[in-house]
Amino acid sequence: QVQLVESGGGLVQAGDSLRLACAASGRTFTAYTMGWFRQAPGKERQFVAAIRWSGGNTGYADSVKGRFTISRDNAKNTMYLQMNSLKPEDTAVYYCGVRMRPIGTMTSRNAYDYWGQGTQVTVSS
């Protein structure tokens, strides 16, 4: 089992920055990929960014490239999402997920085995 706890969400203005964190416990030593997804009201959960736990390869959704940066601290079993130049359309609940095996793709929410409870990010215009 893997437990995930997100933190760092909040209410900010357009152009501001936030850093989300996802603390993992449990079978993290076997994690293959960790990722961030977001879900706005009335919409499906969408891929934001992901990182290979070993090696650090990253991937981003086109909508956040150049503004968001994903990173991880293996010693702390924690993943981060630095979000800069935030826009109102970034408003959503942000979830972190763990993909335990190289099945599917890092951009597919169905490939992830465990999820956190989510943290709300609200960007006002």
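Structure's up top.
Residues numbered from 1 in each chain as written. Predicted model: local features only at pLDDT ≥ 70, side-chain atom pairs only at ≥ 80, totals over all residues. Heavy atoms only, no water.

Asker: Honestly, the nonpolar core in this entry has me stumped. Any pointers?
Answerer: A general tendency of soluble globular proteins is for nonpolar side chains to be buried together. Within the largest apolar cluster, 36 residues are counted, with the highest numbers of intra-cluster contacts made by Leu4, Trp36, Leu81, Met83 and Tyr94. Elements with a minimum of two residues in this core: strand E1 (2-7), strand E3 (18-26), strand E4 (33-39), strand E5 (46-52), strand E7 (68-73), strand E8 (78-83), strand E9 (92-99) and strand E11 (119-124). Filtering out sequence-adjacent residues up to four positions away, Leu81 remains in contact with Leu18, Arg19, Leu20, Trp36, Val48, Ala49, Phe68, Thr69, Ile70 and Tyr94. (Core = buried A, V, L, I, M, F, W, Y, C linked by side-chain atoms within 4.5 Å. Buried < 20%, exposed > 50% of the residue type's maximum accessible area, 1.4 Å probe, protein only. Helix = DSSP H or I, 4+ residues; strand = E, 2+ residues; numbered from the N terminus. Contact = heavy atoms within 4.5 Å.)

Asker: Teacher, can you tell me more about unusual backbone geometry here?
Answerer: Excluding glycine, most residues fall at negative phi; most peptide bonds, likewise, are trans. Even without a glycine there, the phi angle at Asn77 is positive, about 50 degrees. Position of Asn77 relative to the elements: it lies in the loop between E7 and E8. The backbone phi angle of Ser85 is positive, close to 50 degrees, even though this residue is not glycine. As for its placement among the helices and strands, Ser85 is situated in the loop between E8 and E9.

Asker: When you look at the state of the cysteines in this model, what are you seeing that I'm missing?
Answerer: Such a bond, covalent and formed between the sulfur atoms of two cysteines, is termed a disulfide. All chains considered together, the criterion is met by one disulfide. Between the sulfur atoms of Cys22 and its disulfide mate Cys96 the distance is 2.1 Å. Taking the torsion about the S-S bond as the criterion, the Cys22 to Cys96 disulfide, at about 55 degrees, is right-handed. Of the two residues, Cys22 sits in strand E3 while Cys96 sits in strand E9, which places them 74 residues apart along the sequence. (Disulfide = S-S within 2.5 Å.)

Asker: Would you take a moment to explain the environment of Trp36 for this structure?
Answerer: Along the chain, Trp36 turns up in strand E4. What makes Trp36 buried here is its relative accessible area of 0%. Spatially, the C-alpha atom of Trp36 lies 12 Å from that of Arg52, the residues being 16 residues apart in sequence.

Asker: Mind showing me how you'd approach the environment of Thr30 here?
Answerer: Mapping Thr30 onto the fold places it in the loop between E3 and E4. Look at Thr30 and you get partly exposed, because its relative accessible area is 27%. Taking C-alpha positions, Thr30 is 23 Å from Thr69, a pair spaced 39 residues apart along the chain.

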